[in-house]
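Notes for the structure review
These are the residues of each chain, in order.
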Amino acid sequence: MNSKIAISLFLAFYKTIGYLFLFIAFGLYLDSKYMVPVYENTQHLATFVMLIGFSILFYRSTSRIRSQMLFAVIIGFVGEHLFSIALGMYTYRLGNVPLYVPPGHAIVYIAAVYFCKDAIVKTHRKQLEKLFTIFVLVYATLFLIFANDIFGFVMSLLVIFFLRNKPRERLFFLTMYIVVAFLEIVGTHYRCWAWPNTAYGVFPFLKSANPPSGISLFYFLLDLGCLWLYKQRNLIAWKRMKGIRKLKEIKVYS
């Protein structure tokens, strides 16, 4: 890969995931331990900023992306209340699910979608998949060594395992892994939420860092849920697209 291609890929990453990183860092800071002494209703402030970002992205997106964003909000709302409130897998600062979290899921999800749809990214997806896979393994190993993160390491290996036969989704989920890693480090550093020192506080033999490295595994559920809801709402169009895809595959192998 020459320097021109590397720069183009960096710009593609910067204008999608890079902007997302900045938005995450700023948005979560508003609900951080640093803001609590300054402003009492920090979650309301973070929610206000999140809704502005969500609205801008929603307005600029196609109808299909808008549908996926709304589905991501719904699934994020249900999932957060299930995993955090009902099952106690992790805990938000005030013991609730902040209103900014469900639309935040949608923004994270769609930013990864836009990155993977970029032309230069599509052209060099194989190289990016290898690079991101190396990142996942190194990141999870460092957490295992320095934070005794057995739980996160196991989930990271499961991410790699599940993606081995998923060439179409592989880059998307590897990208999501990187995004969620950044999101979790920022959120836990700001003490917006916290993870127990064992897996879900239930399995003592699975020691966990705060955050666990491979928690992006749960974003499989978000993607699968969004895809299922989209298919149910656009069943005829989805079947037509699958038919066209099969015809293309037949032509390739004939």
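Below is a summary of the structure that appears in this document. Going along each chain's sequence as written, the residues are numbered from 1 onward. Only residues with pLDDT of at least 70 get local features here, since the model is predicted, and only at 80 or more are side-chain atom pairs given and counted; chain-wide, interface and lining totals rely on the full set of residues. Each side-chain value is derived from all of the structure's non-hydrogen atoms; neither hydrogens nor water enter the calculation.

1. What to know about the packing of helix 4 (residues 101-117) against helix 8 (residues 170-189)
Inclusion rule: All axes here are fitted lines through C-alpha atoms, helices being fitted over the stretch that makes contact, and every angle between N-to-C directions spans 0 to 180 degrees. Secondary structure is summarised from DSSP: a helix means a run of H or I of at least four residues, a strand means a run of E of at least two, and numbering begins at the N terminus for each. Geometric relationships in this document are graded by angle, where less than 35 degrees denotes roughly parallel, more than 145 denotes roughly antiparallel, 65 to 115 denotes roughly perpendicular, and other angles denote oblique. Crossings are assigned a handedness: left-handed for a near helix turned anticlockwise from the far helix by less than a right angle, right-handed for a clockwise turn. Every residue pair with non-hydrogen atoms within 4.5 Å of one another is taken to be in contact. The nonpolar class holds Ala, Val, Leu, Ile, Met, Phe, Trp, Tyr, Cys and Pro. Asp, Glu, Lys and Arg form the charged class, and all remaining residues, Gly among them, are polar.
Axis separation between helix 4 and helix 8 bottoms out at 9 Å; the angle between their running directions is 130 degrees. In terms of orientation, helix 4 lies oblique with respect to helix 8. Every pair of crossing elements has a handedness; the one defined by helix 4 and helix 8 is right-handed. Contacts between helix 4 and helix 8 involve Val108, Tyr109, Ala112, Val113, Phe115 and Cys116 from the former and Leu171, Phe172, Thr175, Met176 and Val179 from the latter. A class-by-class count of the residues in the contact of helix 4 with helix 8 yields 10 nonpolar, 1 polar and no charged.

2. Comments concerning the pattern of salt bridges
Here is the rule we go by: By salt bridge we mean one thing: a side-chain nitrogen of Lys or Arg within 4 Å of a carboxyl oxygen of Asp or Glu. The buried label goes to any residue with under 20% of its type's maximum accessible area, the exposed label to any with over 50%, and the partly exposed label to all in between, with areas taken from a 1.4 Å probe on protein chains only.
Per the stated rule, a full pass over the model turns up 4 salt bridges. Between Arg170 and Glu129 there is a salt bridge, with its nearest N and O atoms 3.4 Å apart. Linking Arg170 in helix 8 with Glu129 in helix 6 (residues 125-147), this pair joins segments that are 41 residues apart in sequence. By relative accessible area, Arg170 is classed as buried at 17%. Members of the salt-bridge network, linked through shared partners, are Arg125, Glu129 and Arg170.

3. Overview of helix 7 (residues 150-163)
Using the following cut-off: What a helix is expected to span follows from its residue count: subtract one and scale by 1.5 Å. Think of the arc as the fan of directions from the helix axis to the C-beta atoms.
For helix 7, built from 14 residues, the straight-helix expectation of 20 Å at 1.5 Å per residue is met to within 8% by its first-to-last C-alpha distance of 20 Å. Every buried residue belonging to helix 7 is among Phe151, Gly152, Met155, Ser156, Val159 and Leu163, and all of these are buried. One side of helix 7 carries all its buried residues, which in axial view fall inside an arc of 135 degrees.

4. Overview of the nonpolar core
A general trend in soluble globular proteins is that nonpolar side chains are found buried together. Rules: By nonpolar core we mean a set of buried residues, namely Ala, Val, Leu, Ile, Met, Phe, Trp, Tyr and Cys, connected to one another through side-chain atoms within 4.5 Å.
Formed by 66 residues in total, the largest nonpolar core has its most connected members in Leu28 and Phe172. Where this core is concerned, the elements lending two or more residues are helix 1 (3-29), helix 2 (42-60), helix 3 (63-86), helix 4, helix 6, helix 7, helix 8 and helix 9 (219-233). Per element, the largest residue contribution to this core is 12 residues, and it comes from helix 8.

5. Concerning the layout of surface pockets
The condition that has to hold: In this analysis a 1.4 Å probe is tested at points of a 1 Å grid over the protein atoms alone, and where it fits but cannot get out there is a cavity; an open set with protein on both sides within 12 Å along at least five of seven lines is a pocket; lining residues have an atom within 4 Å of a point. Grid points are joined across faces, edges and corners, and a volume is the space filled by probe spheres set on the points.
The calculated volume of the second largest pocket comes to roughly 620 Å³. Forming the boundary of the second largest pocket are 33 residues, of which Glu80, Tyr90, Val101, His105 and Tyr219 lie nearest the centre. Counting residues per element, the lining of the second largest pocket draws most heavily on helix 3, at 7 residues.

6. Observations concerning the packing of aromatic side chains
Defined as follows: Here a pair means two rings of Phe, Tyr or Trp (six-membered ring of Trp) with centres within 6.5 Å. Their orientation is stacked below 30 degrees between planes, edge-to-face above 60, and tilted elsewhere.
By the definition in use, this model includes 20 aromatic pairs. Considering the side-chain rings of Tyr90 and Trp195, the 4.8 Å spacing of their centres and the 45 degrees angle between planes classify their relative orientation as tilted. In this pair, Tyr90 sits in the loop between helix 3 and strand 1 (91-92) while Trp195 sits in the loop between strand 2 (193-194) and strand 3 (198-199), placing the two residues 105 residues apart along the sequence. For the pair shown, Tyr90 and Trp195 are each scored as buried.

7. Some points on a nonpolar patch on the surface
Condition: Two distance rules govern patches: like charges are joined within 9 Å, and nonpolar side chains (Val, Leu, Ile, Met, Phe, Trp, Tyr) within 5 Å, applied only to residues with over 30% relative accessible area and no salt bridge. Methods summary: accessible areas were calculated by the Shrake-Rupley approach with a probe of 1.4 Å, and residue burial reflects only the protein chains presented.
On the surface, a cluster of nonpolar side chains totalling about 650 Å² of accessible area is made up of Ile7, Phe10, Leu11, Tyr14, Tyr19 and Leu22. Within the fold, Tyr14 resides in helix 1. Judged by its relative accessible area of 38%, Tyr14 falls in the partly exposed class.

8. Details of the environment of Ala25
Turning to its location among the elements, Ala25 is positioned in helix 1. Among the residues examined, Ala25 registers a relative accessible area of 23% and is labelled partly exposed. In sequence terms Ala25 and Tyr190 are 165 residues apart; their C-alpha atoms lie 9.4 Å from each other. Sequence-distant contacts of Ala25, that is, excluding residues within four places in its chain, are made with Val186 and Tyr190.

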